[in-house]
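Descriptive structure summary
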Amino acid sequence: MIGCLCDLFCCLLPDLPVHTKYAIAKWAYLVGFTLTSVLTWVLRDWASEDFATKIGAVKDFCQDAEDKAACAGGQIAMRISFANFSFFALHALLLLGMTKESDPRIYGHASFWGLKLLLWAGALVGFFFVPTRVIYGYAQFARIASGVFLVMQLVLLINLIYEVNEWLVERDNRGAWCVLVSGSALAFAGGLTIIAFTYHLYAASPSCHLNLFFSSWSIVAGLALLAVLFVPNRAQSAGLLTSGAVFLYCSYLLMSALVSEPATDPKVAECIRGGGTSVRWVQIVAFFIALAAVIYSTLTAGISSRDMFGNKGEPTGLDTPVPYRADFYHAVFALASCYLAMLFSNWEVSPSTKQFEMDMGWISTWVKMGSKWACEILYVW
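These remarks concern the structure in this document. Keep in mind the model is a prediction, meaning the values are calculated, not measured. (Residues numbered from 1 in each chain as written. Predicted model: local features only at pLDDT ≥ 70, side-chain atom pairs only at ≥ 80, totals over all residues. Heavy atoms only, no water.)

The number of helices and strands found in the protein is 16 helices and zero strands. Looking at the protein as a whole, 48% of its 381 residues are labelled buried. Sequence separation of at least 24 residues holds for 78% of the intrachain contacts in the protein that already meet a minimum separation of 6. Total accessible area computed for the protein in this model is approximately 18,600 Å², and 70% of it derives from carbon and sulfur atoms. (Helix = DSSP H or I, 4+ residues; strand = E, 2+ residues; numbered from the N terminus. Buried < 20%, exposed > 50% of the residue type's maximum accessible area, 1.4 Å probe, protein only. Contact = heavy atoms within 4.5 Å. Areas by Shrake-Rupley, 256 points an atom, 1.4 Å probe, with all protein chains shown as cover.)

What follows is the structure, encoded as structure tokens:
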């Protein structure tokens, strides 16, 4: 009995090589993060009324709110996010500077799964009783941390586009060049199509100056993305496909920003033709797209840390470098937790989101436009 409990709560996995333990840990944390993200969405949209009337700190905070369920939904998102952030930030601090397999702290990253599960579950429950003023402070911090995560996400995206373009160029065969040419054409055509839809759906009259500016400037930016290919000292890995992919992604950010504009604003309502694209199924699909983007960015940034920190070298017994920096891996998950809180709360400190609504409001619009412009500047630079 004692042996079974030891196996359950310690899970040291002594017979497995370190790289196998790290691979298991990588996917275990990723699965846990994904499940808590989906849990946040489910509880926010289907259990908020119960939380508003039965859960201590949430009940006290929302007792004077006009829409208690919406108020509780925002608190659910913030508190689960805070629990996740604390869990991953604690790991990042405890594993700070761990680069060698001989470091005994390796077990802190890749073992003790039973204890970690209890700690994580306990945090998810316990943080619903944290005072509201603490949650308010975390929400302010999460805004800043989310900005850092967004920049990291943009850098990873641009790097991925470069790698794909370089890989195709190195193949130097008919198939690769067909992919390059057709992919570039489709990317630019797709970007222009999206911009055309923004004119049609979100610039219904000449008085929609802001939306017209956003869409028109996107065309100018697209021309700049093409022009950069003719710069003499441009990066060798840059090409028509990279410019097209960035243009397509930035066009998507433009559409997403316009969709996030609050339709309750009279000026916005005048500019939206036929209700725009804000329908329930779009919000559901957007959730899973956003979650997939966060998971990809988190996983990629975390396991790329070995290259980022220059942690390379030949294996020398116990001095063998770890497969990836566990401290950086957990830090990226902590930042991603902050970002998901902002997605679920529409970047508002005191959110009142409706069912299925995510990433809506003026703050969301400007964050996305800022991300779009940052992506274009980073690529041109």
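Having seen the model, we can carry on.
Summed over all chains, the structure comprises 25 aromatic pairs. An angle of 15° between the planes, with centres 4.4 Å apart, marks the rings of F82 and Y138 as stacked. Taken together, the residues F82 in helix α5 (residues 68-94) and Y138 in helix α8 (residues 132-171) connect sequence positions 56 residues apart. On the basis of an interplanar angle of 80° and a centroid distance of 5.3 Å, the ring pair of F87 and F88 is categorised as edge-to-face. By the burial criterion, F87 is buried, and F88 matches it. Joined through ring pairs, the aromatic side chains of Y22, Y29, F33, F87, F88, W113, W120, Y324, Y329 and F333 make up one cluster. (Phe/Tyr/Trp six-rings, centres within 6.5 Å; stacked < 30°, edge-to-face > 60°.)

One pass over the full model with this rule turns up two disulfides. Between the sulfur atoms of C62 and its disulfide partner C71 the distance amounts to 2.2 Å. With the S-S bond torsion at -80°, the cross-link from C62 to C71 turns out left-handed. The partner cysteine of C208 in its disulfide is C271, sulfur to sulfur 2.1 Å. (Disulfide = S-S within 2.5 Å.)

Turning next to helix α9 (residues 174-202). If you check α9, its first and last C-alpha atoms are 41 Å apart, about what 29 residues at 1.5 Å a residue would give, namely 42 Å. Looking at α9, one finds that the buried residues are A176, L180, S184, A187, F188, G190, G191, I195, T198, L201 and Y202. Those residues of α9 that are buried lie in contact with α8, α10 (209-227), α11 (240-259) and α12 (266-271). At the N-terminal end of α9, a side-chain oxygen is found 3.2 Å from the backbone nitrogen of G175, two or three residues along, and the residue is N173. (Expected span 1.5 Å × (residues − 1). Polar contact = N/O pair within 3.5 Å; in protein donor to acceptor, adjacent residues only side chain to side chain.)

As a further point, take helix α15 (residues 326-345). For α15, with 20 residues, the first-to-last C-alpha span of 29 Å sits near the 28 Å given by 1.5 Å per residue. Extensive coverage of α15 is indicated by the burial of 19 of its 20 residues. N346 occupies a position one or two residues after α15 and carries a positive phi of about 60°.

Take the pattern of salt bridges next. Scanning the model with the defined rule gives four salt bridges in all. A salt bridge links R44 to D45; the shortest N-O distance between them is 2.9 Å. Residue class for R44 comes out buried when judged on its relative accessible area of 4%. Judged by its relative accessible area of 9%, D45 is buried. Among the salt bridges present, the one from D103 reaches R105, with a minimum N-O distance of 3.0 Å. (Salt bridge = Lys/Arg side-chain N within 4 Å of Asp/Glu carboxyl O.)

Turning our eyes to something else, we now look at the nonpolar core. Counting residues in hydrophobic clusters, the biggest one holds 64 residues, and the most contacted among them are Y22, Y29, F51 and F88. For this core, the elements supplying multiple residues, two or more each, are α2 (18-46), α3 (48-54), α4 (56-62), α5, α6 (106-110), α7 (113-126), α8 and α15. When residues of this core are assigned to their parent elements, the largest contribution, 15 residues, is made by α15. In this structure, Y162, L258, M369 and Y379 belong to the second largest nonpolar core, which totals 25 residues. (Core = buried A, V, L, I, M, F, W, Y, C linked by side-chain atoms within 4.5 Å.)

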